[in-house]
Amino acid sequence: MVTTPSFPSEPPDVVSLESNVEARFETAVSVSQRRGEDISIVVRRAAALPALCKFLFGDTGCSFGGLIVEERKEDWHLLYLFHLPGTGWIHVTLQLPLENSTVPSISPQVHAADWYEREAEDLFGLRFEEHPRLGDFILHDQVWQEGLAPMRRAFDPGQVHLERCPNQEWRPNLVVKDPGAFAMPVGPVYEGGLGESIHFLLETVGEDVIRASPRLFYKYRAVEKIAEGKAVSDGLLLAERFAAKSAFAHSLAYCQAVEKATHLEVPVRARRLRVVLSELERLRHHAGAIEAICQSTALNVSEAQAAIIEEQLLRASCCFTGHRYLFGLNAPGGLRRDFDGPACQALLAAVEAALARLRRLEHRLRYTSSFLDRLEDVGVVTAEAARDLDLLGPVGRASGLANDLRRVWPYAGYRESAFEVACEKEGDGYARLRVLFFEAQQSGRLIHQAIEALQPGEVWAEGQRMVPGPTLGWAEAPIGATVHWLRLDEDGRIDRYRILSPSFRNWLGFHVAVENFAFQDFPIILATFGLSATECDR
Amino acid sequence: MASWFWYGLRNGIQSTRYPQAPELAPGVSPGRPLDTLFPDAAEAARAAANCPVNAITAVASFANVDFRKCIYCQRCHFGAPDQLHWDSSFEWTQAHSTPGGYQPLPGEFSHSLHVIVVDAGDCGACLNEVKQLNNPLYNMHRLGIFFTPTPRAADVLLVVGPVSENMRGPLVKTYEAMPDPKRVVAVGTCAITGGVFGRTFVSAGGLGSVLPVDLEVPGDPPPPLAVLHGLLAVTGRKQPAPAADNFHKGSL
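Criteria and thresholds
- Residues numbered from 1 in each chain as written.
- Chains lettered and ligands numbered in written order.
- Predicted model: local features only at pLDDT ≥ 70, side-chain atom pairs only at ≥ 80, totals over all residues.
- Helix = DSSP H or I, 4+ residues; strand = E, 2+ residues; numbered from the N terminus.
- Rg over C-alpha atoms; globule rule 2.2 N^0.38 Å.
- Buried ≥ 20, exposed ≤ 12 C-beta atoms within 10 Å, placed from the backbone.
- Contact = placed C-beta atoms within 7 Å.
- Domains from an automatic or database assignment.
- Nonpolar A, V, L, I, M, F, W, Y, C, P; charged D, E, K, R; others polar.
- Pairing = 2+ DSSP bridges.
- Axes fitted to C-alpha atoms, helices over the stretch in contact; angles between N-to-C directions.
- Parallel < 35°, antiparallel > 145°, perpendicular 65-115°, else oblique.
- Left-handed = near helix turned anticlockwise from the far one by under 90°.
- pLDDT = per-residue confidence, 0-100.
- Core = buried A, V, L, I, M, F, W, Y, C linked by C-beta atoms within 7 Å.

## A few points about the overall build of chain B
The number of helices and strands found in chain B is six helices and 11 strands. For chain B, the C-alpha radius of gyration of 19 Å lies close to 18 Å, the compact-globule estimate for 252 residues. Along the first, second and third principal axes, the C-alpha set of chain B runs to 65 × 45 × 30 Å. Looking at the 252 residues of chain B, the share that counts as buried comes to 53%. Of the contacts formed within chain B by residues at least 6 apart in sequence, a portion of 78% connects residues at least 24 apart.

## A word on the overall build of chain A
A tally of regular secondary structure across chain A gives 17 helices and 16 strands. At 23 Å, chain A has a C-alpha radius of gyration in line with the 24 Å of a compact globule built from 538 residues. Based on the C-alpha atoms only, the size of chain A along its principal axes is roughly 65 × 60 × 50 Å. Within the span of chain A, comprising 538 residues, buried residues form 55% of the whole. Nonlocal contacts in chain A, meaning residues at least 24 apart in sequence, comprise 68% of its contacts between residues at least 6 apart.

## Examining the domain arrangement of chain A
All names here are of chain A. By domain assignment, chain A separates into domain 1 (14–129) and domain 2 (223–537). Measuring from the centre of the C-alpha atoms in domain 1 to the corresponding centre in domain 2 gives 28 Å. Contacts between the two partners involve 12 residues from domain 1, matched on the other side by 15 residues from domain 2. Elements represented by at least two residues in the side of domain 1 that touches domain 2 include exactly strand S3 (63–71) and helix H3 (114–124). Of the residues belonging to the side of domain 1 that touches domain 2, the class tally is six nonpolar, four polar and two charged.

## Describing the domain arrangement of chain B
All names here are of chain B. Here chain B is partitioned into domain 1 (32–87) and domain 2 (94–248). Look at where the C-alpha atoms of domain 1 and domain 2 centre, and you get two points 27 Å apart. Listed per partner, the contact involves eight residues of domain 1 and 11 residues of domain 2. A per-class count over the side of domain 1 that touches domain 2 returns four nonpolar, one polar and three charged.

## Quick word on the environment of asparagine 50 of chain B
Residues and elements named next belong to chain B. The topology assignment puts asparagine 50 in the loop between helix H2 (41–49) and strand S3 (56–59). Overall, asparagine 50 belongs to the partly exposed group, with 16 C-beta atoms counted inside 10 Å. Setting aside residues no more than four positions away along its own chain, asparagine 50 makes contact with Arg75, Cys76, Ala80 and Asp82.

## Comments concerning the sheet that holds strand S10 (residues 183–187) of chain B
All names here are of chain B. Reading across the sheet, the six strands line up as S6-S11-S10-S9-S7-S8 and stay open at both edges, with mixed pairing between neighbours. At either margin of the open sheet sits one strand with a lone partner, and together these are strand S6 (94–95) and strand S8 (145–147). Where strand S7 (residues 113–119) meets S8, three bridges bridge the pair, whose relative direction is parallel. Pairing of leucine 113 across the sheet is with isoleucine 145, part of S8. Sheet strands touched by helix H6 (residues 224–234): S7, S8, strand S9 (156–160), S10 and strand S11 (215–217). Its angle to S11, the strand with the most contacts, is close to 165°.

## Looking at the interface of chain B and chain A
If you look at the interface, chain B gives 56 residues, while chain A gives 54 residues. For the side of chain B that touches chain A, the secondary-structure elements that each account for two or more residues are helix H1 (2–10), S7, helix H3 (125–131) and helix H4 (165–177) of chain B. The element best represented in the side of chain B that touches chain A is H4 of chain B, accounting for six residues. Residues belonging to the side of chain B that touches chain A are distributed by class as follows: 30 nonpolar, 20 polar and six charged.

## A closer look at the environment of histidine 229 of chain B
All names here are of chain B. Among the structural elements, histidine 229 can be located in helix H6. Along the sequence, histidine 229 and alanine 48 sit 181 residues apart, while their C-alpha atoms lie 29 Å from each other. Look past the residues within four positions of histidine 229 in its chain and what remains in contact with it is Phe90, Glu91, Thr93 and Lys238.

## Some words on the packing of helix H7 (residues 268–296) of chain A against helix H8 (residues 300–321) of chain A
The angle between the axes and the distance between the axes are what describe a pair of packed helices. Residues and elements named next belong to chain A. Two elements in contact, H7 and H8, have axes separated by 8 Å at closest approach and are oriented at 160°. It follows from the interaxial angle that H7 and H8 lie roughly antiparallel. Relative to H8, the crossing made by H7 is left-handed. Contact with H7, carried on its side by Leu280, Leu283, Arg284, Ala287, Gly288, Ile290, Glu291, Cys294 and Gln295, involves Ser302, Glu303, Ala306, Ala307, Ile309, Glu310, Leu313, Leu314 and Ser317 of H8 and no other residues of that element.

## What to know about the confidence of the model for chain A
Here chain A averages 86 in pLDDT, and 96% of its residues register 70 or above. Segment residues 1–11 of chain A is flagged for pLDDT under 50; beyond a separation of four residues in sequence, or across chains, it makes 16 contacts in the model.

## What to know about the confidence of the model for chain B
Residues and elements named next belong to chain B. Per-chain confidence: chain B averages 86 in pLDDT, with 94% of residues scoring 70 or above. Mean pLDDT in chain B bottoms out at strand S2 (residues 36–37), which sits at 82, and peaks at S9, which reaches 94. If you check the scores for this complex, the pTM reads 0.91 and the ipTM reads 0.91.

## Notes on the sheet that holds S3 of chain B
Residue and element names in this part refer to chain B. Here three strands make up an open sheet; going across it, the order is S2-S4-S3 and the pairing antiparallel. On the outer flanks of this sheet lie S2 and S3, each paired with one strand and no other. Direction of pairing for S3 relative to strand S4 (residues 62–65): antiparallel, over a ladder of four bridges. Bridged to valine 59 within S4 is phenylalanine 62.

## Section: the nonpolar core
The biggest cluster of nonpolar side chains holds 254 residues, and the ones touching the most others in it are Phe82 of chain A together with Val115, Leu157, Leu158, Val159, Val160 and Val187 of chain B. It is H7 of chain A that contributes the most residues to this core, 13 residues altogether. In contact with valine 187 of chain B, other than residues within four places in its own chain, are Cys126, Val130, Leu158, Val159, Val160, Val217, Pro222 and Val227 of chain B.

Structure (structure tokens):
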């Protein structure tokens, strides 16, 4: 059922990638500066950008990491992140003078970049030429006027009483124009408010839903903006609290970025404990995601049993760390506290109990045909569509995309850990459920290994002087790869903070899965995607 | 289907007996810092300076905690040179300082209370903890408390999150659609003072500036039983802590 994805036996030739790019684009780009393993490509002629990105994403098979926009003193810095297993991160940078805010769009070539460009347009006021759809995105047009550009340096986020002239004429953009077509609105307050605040427009002509467009960003709190100027230790509080269900993974990515800037070597014990805590979070998250899937199919006993597992893991997390959502543990340089032997053994026992319960639940679900009927062939994302939008995490892995940062770019103690990466081919709701169950068992295995391998030692190392400049940290969060990018200034404060979150990417892929389906399948598709609005909205 | 029935039965009743009996299972609450008397004023001042959100104020040798601002980062506990005492309870609900004091809902509601939740920019933790009340381990239904999908049938509005600007409209509409009498409960530090998101152009810095708040459940996030304590306080089955003077000190 589950196959370990194969990776190229020898790393792709970095030199050939460089020379290929140079040969194709000649003077339009300059490939340079191998910082460690990373490749830096500076785009000299803006017009060459789309073709270059198409070459990297389409022809070379790189994954798209995201777009990072910075307003520097005299120019715009646009950083397009790519990565290819075996090479390093590929930084494609484009600089434009500040007065020129027109950028060629890469979305027609790299579909995964669509939302990143819409976001940059809304928050920075950049114009992306030839982008199919700009405007109303993060700042909703019925609340805010166009052209606010709150991420610009001159904008003060503390303006509590900002003058508003929202667009009263704003109406949702309906795609289905057939006679008799209508749209059923769902949200932002639905399911008794127990669902996150998202609005869906289900466009239909009667029986089947033809298209469902999610409208997100109801929860936009400008995390990246308010982080600017903060001390690194205060930024950590934001990294931990913008998406609490993956708090540990996000704070880990953040801390690893800071550790890189300070050239910090994290002690071995802390690296192994970080694996324990990351996997504990993944296990608890997946138990909750499985519960949501059971709930969406109205199989109440399974929902109740999965809910018990989730709560018991929350309690085990609390007994182990003192916080049910693992807040306050990570710090640049390691962990804020150590755990003794008996605590680790108690955690292992709790994890084993949860895994045994999960196995029993999985076995029952697998032989309940009425349950499987609701999941099979529902919300299908084909391998081509998944690759086209470069989906991350369990959603991508259910469609044959085995990009797991724990394997591709091992961090913390993952280099010395043995585990399998889930990979399914069908891309339907059931495949996504199988990936969740499989990953939960692998998390148990990783926790076991890491605790067995613990050696006495320090869990925190003091930092040296912080080197100002950009720095990158990443982790495989339960929903997928998360990348935190920081620029630190001369005083060691945050100059610009960028969170490339997995939900932001996967919500874009949600569009593909919700086309032509029956009304009653909608909650199931939503639950099998298991996406977080708060992680997307920031 | 019959096998599911037996599978469910075999696992037995696991619900807590709270509020009839105290819940002592480990891990139901992360606890919170307590006002602490230090040997000298300098240590209390150091403990206060160590707090990243200024929730601790030093008064002579006392370090007092403002739970409306505390984000439960535990920096005053683990690894801190000047540790605060720790309290492991969960009955944290406080009355908001409404003029005339807090009035619980009349007795008719005490065993039939319908709750609607609005996620106004929550990070996911508070919402998940509220959701756990439907979990068999807490089983809020046994107390006659239910979540309802429509504001028309709701008696209590639970709000999580600092109130993001894009959610302000839907939140106010939900409140206005609820029939009287109704009560509003702010759940979590973000809903009380904005927490780490503060007061900005996109965050109202807490529910108080948007709607009249009756009760506050502090915590980041408050555990499920703390939220349940708050819901019991709505109908007067539990007593909230009074709006003490010191917890408004330095509030927004």
